[in-house]
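The primary structure of each chain is shown beneath.
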Amino acid sequence: MTTIVAVETPQGVTFATDSRVSGSALNDGWVSKVFENKGVVFGVAGYLRVSQILQHTKMPELPKSDKPEKIDKWVTQNLAPIFLKASKEVSDLGHRGGSLALFAVKGRVYDMDNSGSWTRSSTGVYSIGSGANYALGALEAGASPKKAIKIAAKYDWGTNSDVKIMKVAHIA
């Protein structure tokens, strides 16, 4: 699978991801597991096809307001259906399981499962994928996002130690 972490601070969000590609002979980091589309940063663990759909989907305009409740509403009414549609396309092909995603919208991170339900962490620390528990423990112990992925790679077969970082400044 993969491991993706996000750390939310007042300055912005830092994403870190490994570069493991499951189900392919290629494993050279060519896949963008964290990417931006029209102001939304996505980190997707699970099916590559879901990432590819989200990367090239027409996105609705971001909410004009920076109020948390307005951003939450936008995620629920706009982003969740887009993620569900991408996930459904993959499941309609007969694939079992699903994808998980971390989204950053206007400096706020959302952890979304394949039902479209989302949560937010009171600590600002997030992790998804096969090495999520290792990475989350490392983050909580004070590791940087990059170090957290490297620690997950040490203990999780589905994570490798080739780490990619994306920093997103929060612009209010």
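Here is a short report on the structure shown in this document. (Residues numbered from 1 in each chain as written. Predicted model: local features only at pLDDT ≥ 70, side-chain atom pairs only at ≥ 80, totals over all residues. Heavy atoms only, no water.)

**What about the overall build of the protein?**
Then step 1. The helix and strand tally for the protein stands at 4 helices and 9 strands.
Then step 2. Residues classed as buried in the protein amount to 46% of the 172 residues present.
Then step 3. The long-range share in the protein, meaning contacts at least 24 apart out of those at least 6 apart in sequence, stands at 59%. (Helix = DSSP H or I, 4+ residues; strand = E, 2+ residues; numbered from the N terminus. Buried < 20%, exposed > 50% of the residue type's maximum accessible area, 1.4 Å probe, protein only. Contact = heavy atoms within 4.5 Å.)

**Here we look at the side chain of Asn-160**
Then step 1. Within the secondary structure, Asn-160 is located in the loop between helix H4 (145–155) and strand E9 (164–169).
Then step 2. At 3.2 Å, the side chain of Asn-160 forms a polar contact with the backbone nitrogen of Asp-162. (Polar contact = N/O pair within 3.5 Å; in protein donor to acceptor, adjacent residues only side chain to side chain.)

**Observations concerning the sheet that holds strand E3 (residues 34–37)**
Each strand in a sheet pairs with another by means of backbone hydrogen bonds, the pair being arranged parallel or else antiparallel.
Then step 1. Sheet architecture is open: 5 strands sit in the order E3-E4-E5-E6-E7, paired in antiparallel fashion. Each end of this open sheet is capped by a strand with a single partner; those strands are E3 and strand E7 (118–119).
Then step 2. By the bridge criterion, 2 bridges tie strand E6 (residues 108–112) to E7 in an arrangement that is antiparallel. Paired with Asp-111 across the strands is Thr-119, a residue of E7.
Then step 3. With respect to the sheet, helix H1 (residues 48–56) is in contact with E3 and strand E4 (40–45), its orientation differing from that of E3 by roughly 25°. (Pairing = 2+ DSSP bridges. Axes fitted to C-alpha atoms, helices over the stretch in contact; angles between N-to-C directions.)

**Quick notes on the environment of Phe-35**
Then step 1. Within the fold, Phe-35 resides in strand E3.
Then step 2. Taking relative accessible area as the criterion, Phe-35 reaches 4% and is therefore assigned buried.
Then step 3. Along the backbone, Phe-35 and Gln-52 are 17 residues apart, and their C-alpha atoms lie at a distance of 10.0 Å.

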